[in-house]
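Tertiary structure, described
The chain contents come next:
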Amino acid sequence: MVRPMKKQGVRVLFGELYTDEVEPLRRAMEDCWFSIELDTASTPEECLVKLSERDYDLLLLDYAPPKMNAIDVLDTVKRKKYNIPVVIVSGEGDEEVAVRAMKMGAYDYVVKNDRYPSNLPPLLRKAIKKYRTDKEKEKLYEEIRGLKNYMEKIYNTVADPIYVIDREGRFVDLNRLGEEITGYKKEELLGMRFTELLAPEYLEKTKENFRRRLQGEDIPPYEVEIFRKDGKRVALEIRATRLEGFGEIGVARDITEQKRLEEELREHTAELEKSNTLKGLFIDIMGHDLLNSLTVIRGVVNLLSKERELQGYKRHLDVIENNVNRLIKTLEDVQVYVKLRGVGGLNREEMDLTEVALNVIRDYQNIAAAKGVEITWNLPPKSPAKVNPFIRHVFDNLLSNAIKYSPENGRVEVEIIDKGERYEVLVKDRGPGIPDEHKEVIFQRFERGGKKGVKGTGLGLAIVKRVVELHNGSVKVIDNVAKDAAGDGEIKEEKKGSVFLVTIPKL
Ligand code: ADP
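Residues numbered from 1 in each chain as written. Predicted model: local features only at pLDDT ≥ 70, side-chain atom pairs only at ≥ 80, totals over all residues. Heavy atoms only, no water.

1. What about the packing of helix α2 (residues 44-53) against helix α3 (residues 70-79)?
At a minimum axis distance of 10 Å, the contact between α2 and α3 shows a crossing angle of 25°. Put simply, α2 runs roughly parallel to α3. You can see that α2 and α3 cross each other, and the crossing is right-handed. Of the residues in α3, those in contact with P44, C47, L48 and L51 of α2 are V73, T76 and V77. (Axes fitted to C-alpha atoms, helices over the stretch in contact; angles between N-to-C directions. Helix = DSSP H or I, 4+ residues; strand = E, 2+ residues; numbered from the N terminus. Parallel < 35°, antiparallel > 145°, perpendicular 65-115°, else oblique. Left-handed = near helix turned anticlockwise from the far one by under 90°. Contact = heavy atoms within 4.5 Å.)

2. Overview of the sheet that holds strand β4 (residues 86-91)
Spatial ordering of the open sheet is given by β2-β1-β3-β4-β5, a layout of 5 strands whose pairing is parallel. Only two strands of the sheet have a single partner each, and these edge strands are β2 (35-41) and β5 (108-112). For this sheet, the mean inter-axis angle between neighbouring strands, taken without regard to orientation, is 25°. The sheet strands contacting helix α4 (residues 95-103) are β4 and β5, and the helix crosses β5 at an angle near 165°. Its contacts with the sheet put helix α5 (residues 116-157) on β1 (9-15), β2, β3 (58-62), β4 and β5, and the angle it makes with β5 is roughly 175°. (Pairing = 2+ DSSP bridges.)

3. Side note on empty space enclosed by the protein
All chains considered together, the criterion is met by 1 cavity of 30 Å³ or more. Put simply, the largest cavity is a space of about 270 Å³. Along its surface, the largest cavity is lined by 22 residues, and Y163, F171, F194, L236 and I238 are the ones closest to its centre. Listing elements by their share of the lining of the largest cavity, those giving two or more residues are β6 (162-166), β7 (171-174), α6 (176-182), α8 (200-214), β8 (222-227), β9 (233-243) and β10 (247-254). Looking at the lining of the largest cavity residue by residue, the classes come out as 17 nonpolar, 3 polar and 2 charged. (1 Å grid on protein atoms, 1.4 Å probe; cavity = no way out; pocket = protein on both sides within 12 Å on 5 of 7 lines; lining within 4 Å. Points joined across faces, edges and corners; volume = space filled by probe spheres on them. Nonpolar A, V, L, I, M, F, W, Y, C, P; charged D, E, K, R; others polar.)

4. Here we look at the nonpolar core
In summary, soluble globular proteins display a tendency toward joint burial of nonpolar side chains. Counting residues in hydrophobic clusters, the biggest one holds 46 residues, and the most contacted among them are L353, I391, F395 and L399. Residues within four places of L399 in sequence aside, it is in contact with V360, I361, Y364, I375, V412, V414 and V427. (Core = buried A, V, L, I, M, F, W, Y, C linked by side-chain atoms within 4.5 Å. Buried < 20%, exposed > 50% of the residue type's maximum accessible area, 1.4 Å probe, protein only.)

5. Describing the pattern of salt bridges
Side-chain pairs of opposite charge can arise whenever the charged atoms involved come near each other. Counted according to the given criterion, the structure contains 44 salt bridges. The partner of R430 in a salt bridge is E413, with the nearest N and O atoms 4.0 Å apart. Taken together, the residues R430 in the loop between β15 (422-428) and α13 (460-470) and E413 in strand β14 (residues 411-418) connect sequence positions 17 residues apart. Taken as a pair, R430 and E413 share a single burial class, namely buried. We note a salt bridge from E424 to R422, for which the minimum N-O separation is 3.8 Å. R422 gets classed as partly exposed once you look at its relative accessible area, which sits at 33%. Because the salt bridges share partners, they merge into one network encompassing R11, E37, D39, E46, K50 and R54. (Salt bridge = Lys/Arg side-chain N within 4 Å of Asp/Glu carboxyl O.)

6. Focus on unusual backbone geometry
The phi torsion at N409 lies on the positive side, around 65°, for a residue other than glycine. When you line up the elements, N409 lands in the loop between α12 (392-404) and β14. For N409, a relative accessible area of 62% corresponds to the exposed category. A positive phi angle is found at N472, which is not glycine, with a value near 60°. Relative to the helices and strands, N472 is located in the loop between α13 and β16 (474-483).

Laid out in structure tokens, this is it:
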């Protein structure tokens, strides 16, 4: 089925002084295959009023001065920037008027002759069409210009150098940062090949990448080094894309500083590895040789101090023994601490915490007694838990500290409370206590909370914390509120000493 073509309409304003001239034209227009709505104005003023009131596709102006001076109307139309094509109708012999009108921006002109009513409609339509196409083109150019401007702004404000090279590898464009990084002005670089900038060791690989990219391959970012104009080397990371049929556009990010830092980090890591190896070696030597020798010395000193003839030297021998003991404890602590730092978890086995506590208490009985410190305990008959034998260090260090920091004739209490899914272990003393600001830091390695006078390694509590953490437990210290702390029989509560509270899950 063929659909009747819809008559496409245009609206024309005809500035014509003589109304009888309009009729033949209107008739010709009615016969036309597209519809033309013809409106008329018989004075320049009417023309301009109508133009301001309605939208027309074309203004047809008869040149009939002085009443209808088409040139004046055209002038106003242009000045007021009406977006409309103007076609001038001039009488035969008035061609120079037409030329003037064209110069002033008229779109076309027709000469009034016999055929003009029938010639005019197609001419008008063509004029309107052409005018519209021209306007659209202009709009498009305007958009392209805007876009170009926008692209250039991006191009010059991005924080990385951007370059464009042609198929021969010659620079055809580069942004401001591109100039900065190479040290060359754009004019100097245009026409130069990128290979002229490259450090020789990057030449082959980069040429190869360029060639493969031109063939359409996707090349992941890679590193190159170039020589700046001042001879300095710059390391760049290149990310480029093919510009079809032309060459490539790329971003060259300066990675000189990043590479320097990486190199520094590599050196630092190598140094660290070296020092770690040395540390490992030292710990090994300590573990085997130093500890063995010290244990032998302790044994001998112990024997000597029992010799009757040497009793006169007993005081000196005691000093030696104490110091050797301290050395051994330090070395053992370091060994334990290093071992614990290096592990992510511990194997667990069924153990009885009551038994562990009692063993440790037994070990410290003599040391405590020597200081007149009394150890008391309150333990369940059995405290089964899945723990690692390292748990002994918790009891060991806490009890050792409690005795160490107790005054002579003080009292240390050890307690285990069954809390269902976990145990609470409490080690209480009546020593100087720990100020609030030190209550957390003392668990950090080598943090000695201001007790420089007391012998110790500063590692004990760090070991306690680590062992407890590896058992998913916790440790903290609180003030011991002792009843009758003064020991004068008067029952009053007083802050005295510390309580170390450890929580150990049973499983
Ligand atoms: P060390 O006792 O060898 O110095 P620790 O890690 O066992 O190392 O303890 C760290 C610090 O915590 C000690 O130097 C001391 O200041 C404080 N501290 C530990 N236990 C007690 C305690 N029972 N009473 C008072 N202060 C303590």
